[in-house]
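Fold and geometry: a report
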Amino acid sequence: AQTVTQSQPEMSVQEAETVTLSCTYDTSESDYYLFWYKQPPSRQMILVIRQEAYKQQNATENRFSVNFQKAAKSFSLKISDSQLGDAAMYFCAYRGSQGGSEKLVFGKGTKLTVNP
Amino acid sequence: DAGVIQSPRHEVTEMGQEVTLRCKPISGHNSLFWYRQTMMRGLELLIYFNNNVPIDDSGMPEDRFSAKMPNASFSTLKIQPSEPRDSAVYFCASSVLGGHYYEQYFGPGTRLTVT
């Protein structure tokens with residue numbers, strides 16, 4: 001079974017600085033999808049960024065980018081120019097590509113604090 | 001689009017009572033997922049449907065939990081009888097089966113408290 005590990009229960013960053021959240025996963029599949037979700041105190045799950053395993057290019061969405069290392073099974077999230085509104089729980093998630101494997105497998109999450 | 005709609009947003013009930021959580025997926029989405037979030041276990045899948053058919057219910061804790069999807073625009077998750085350990089936030093999510101990015105869109109969740 002696939003597993004996702006986020007080794008940093010909590011992280012903090014100064015406003016306007018850069019922070020990187022770590023995620024590793026275990027799978028025997030060669031094709032899959034990876035996601036980062038943000039959960040603010042409102043508890044709404046918000047998709048931040050996605051990565052297809054077959055793409056070598058790292059995904060980027062404005063201030064958010066990933067470092068996808070397929071061989072190492074690593075998928076870290078970099079937040080640049082951190083803002084107070086970035087404070088939230090961040091979850092890394094894995095999804096297989098085969099039919100019948102549409103579910104998301106989540107890591108335990110990293111709580112990000114942004115200090116003014 | 002209104003997004004995924006869940007009701008109620010909060011539910012407080014006594015042990016032994018029946019609880020029904022409801023979900024309306026995004027129009028046009030044909031995959032629907034029920035997740036549960038607790039401090040101890042994090043986010044875990046309970047069950048999901050493709051085209052109204054249950055595909056994977058291996059995450060359903062026990063026979064006290066049941067889920068239905070009678071049509072493409074409505075699903076229920078029922079707990080009978082409820083127990084204090086069922087207290088959690090329950091999320092419903094939907095996506096397009098075979099969609100290019102396979103991303104799931106989450107509802108606001110239902111916070112369930114069983115006393």
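Bear in mind the structure is a predicted one, so any value in this text is a computation, not a measurement.

A short note on the overall build of chain B
- Across its full length, chain B holds zero helices and eleven strands.
- Ordered by position from the N terminus, the helices and strands of chain B form the series β-β-β-β-β-β-β-β-β-β-β.
- For 115 residues, the compact-globule formula gives about 13 Å, and the C-alpha radius of gyration of chain B, at 13 Å, lands near that figure.
- Oriented by its inertia axes, the alpha-carbon framework of chain B measures out at about 40 × 25 × 25 Å.
- Per-residue burial over chain B gives 50% buried out of 115 residues.
- Counting contacts in chain B only where the partners sit at least 6 residues apart, residues at least 24 apart contribute 55% of the total.

Structural notes on the nonpolar core
- Of all hydrophobic cores here, the largest spans 26 residues; its most connected members are Tyr25, Trp36, Phe75, Leu77 and Tyr90 of chain A.
- Where this core is concerned, the elements lending two or more residues are β3 (19-21), β5 (32-39), β6 (46-52), β8 (64-69), β9 (74-79), β10 (88-96) and β12 (110-115) of chain A.
- Broken down by element, this core gets its largest block of residues, four residues, from β10 of chain A.
- Among residues more than four places away in sequence, those in contact with Tyr90 of chain A are Gln6, Leu21, Trp36, Tyr37, Lys38, Val48, Phe64, Leu77, Ile79, Gly109, Thr110 and Leu112 of chain A.
- In terms of nonpolar packing, the next biggest core, distinct from the first, is built from 21 residues, Val4, Leu21, Ile47 and Ala67 of chain B among them.

Overview of the interface of chain B and chain A
- With 28 residues of chain B at the interface, the matching set in chain A holds 20 residues.
- Between chain B and chain A lies a buried interface of about 2000 Å² when both sides are counted; carbon and sulfur atoms form 50% of it.
- Here chain B and chain A share two salt bridges between them.
- If you look at where chain B meets chain A, you find twelve residue pairs in polar contact (both at pLDDT 80 or more).

Re the sheet that holds strand β1 (residues 5-7) of chain B
Residues and elements named next belong to chain B.
- The four strands are arranged β1-β3-β8-β7 in an open sheet whose pairing can be described as antiparallel. The sheet is open, and its two edges are formed by β1 and β7 (65-71), each paired on a single side. Strand-to-strand, the axes of this sheet are offset by a mean angle of 15°, without reference to chain direction.
- The sheet contact formed by β7 and strand β8 (residues 74-79) spans five bridges and is antiparallel. Considered in β8, the bridge of Ser66 is made with Lys78.

Side note on the packing of aromatic side chains
- By the definition in use, this model includes 15 aromatic pairs over all chains.
- Considering the side-chain rings of Phe91 of chain B and Phe106 of chain B, the 6.1 Å spacing of their centres and the 80° angle between planes classify their relative orientation as edge-to-face. Residue Phe91 of chain B is found in strand β9 (residues 88-95), and its partner Phe106 of chain B is found in strand β10 (residues 105-106); the two are separated by 15 residues along the sequence. Both residues of the pair, Phe91 of chain B and Phe106 of chain B, count as buried.
- Clustering of aromatic rings is evident, with ring pairs tying together Phe35, Tyr37, Phe91 and Phe106 of chain A together with Phe33, Tyr35, Tyr48, Phe91 and Phe106 of chain B.

Thoughts on the pattern of salt bridges
Residues and elements named next belong to chain B.
- Taken as a whole, this structure holds 13 salt bridges over all chains when the rule is applied.
- Arg64 is the salt-bridge partner of Glu62, the closest N and O atoms lying 2.8 Å from each other.
- Sharing partners across several salt bridges, the network here consists of Glu62, Arg64, Glu83, Arg85 and Asp86.

Regarding the environment of Phe75 of chain A
Residue and element names in this part refer to chain A.
- Tracing the backbone shows Phe75 in strand β9.
- Sequence separation between Phe75 and Asn58 is 17 residues; the distance between their C-alpha atoms is 9.6 Å.
- In contact with Phe75, other than residues within four places in its own chain, are Cys23, Tyr25, Leu34, Phe35, Trp36, Gln51, Val66, Asn67, Phe68 and Cys92.

Let's talk about unusual backbone geometry
- Cis peptide bonds are those with omega within 30 degrees of zero, and the linkage from Ser7 of chain B to Pro8 of chain B qualifies with -10°.
- Within the element layout of this structure, Pro8 of chain B appears in the loop between β1 and β2 (10-13).
- A cis amide bond links Gln80 of chain B to the next residue, Pro81 of chain B, at an omega of -5°.
- Among the structural elements, Pro81 of chain B can be located in the loop between β8 and β9.
- Even without being glycine, Asn62 of chain A reaches a positive phi, approximately 55°.
- Inspection of the secondary structure puts Asn62 of chain A in the loop between β7 (60-61) and β8.
- The class of Asn62 of chain A is exposed, set by a relative accessible area of 76%.
- Even without glycine at this site, Lys73 of chain A takes up a positive phi of about 55°.

Reading guide: rules and limits
Residues numbered from 1 in each chain as written. Chains lettered and ligands numbered in written order. Predicted model: local features only at pLDDT ≥ 70, side-chain atom pairs only at ≥ 80, totals over all residues. Heavy atoms only, no water. Helix = DSSP H or I, 4+ residues; strand = E, 2+ residues; numbered from the N terminus. Rg over C-alpha atoms; globule rule 2.2 N^0.38 Å. Buried < 20%, exposed > 50% of the residue type's maximum accessible area, 1.4 Å probe, protein only. Contact = heavy atoms within 4.5 Å. Core = buried A, V, L, I, M, F, W, Y, C linked by side-chain atoms within 4.5 Å. Buried area = accessible area lost by both parts, 1.4 Å probe. Salt bridge = Lys/Arg side-chain N within 4 Å of Asp/Glu carboxyl O. Polar contact = N/O pair within 3.5 Å; in protein donor to acceptor, adjacent residues only side chain to side chain. Pairing = 2+ DSSP bridges. Axes fitted to C-alpha atoms, helices over the stretch in contact; angles between N-to-C directions. Phe/Tyr/Trp six-rings, centres within 6.5 Å; stacked < 30°, edge-to-face > 60°.

Keep in mind these values describe shape, not function.
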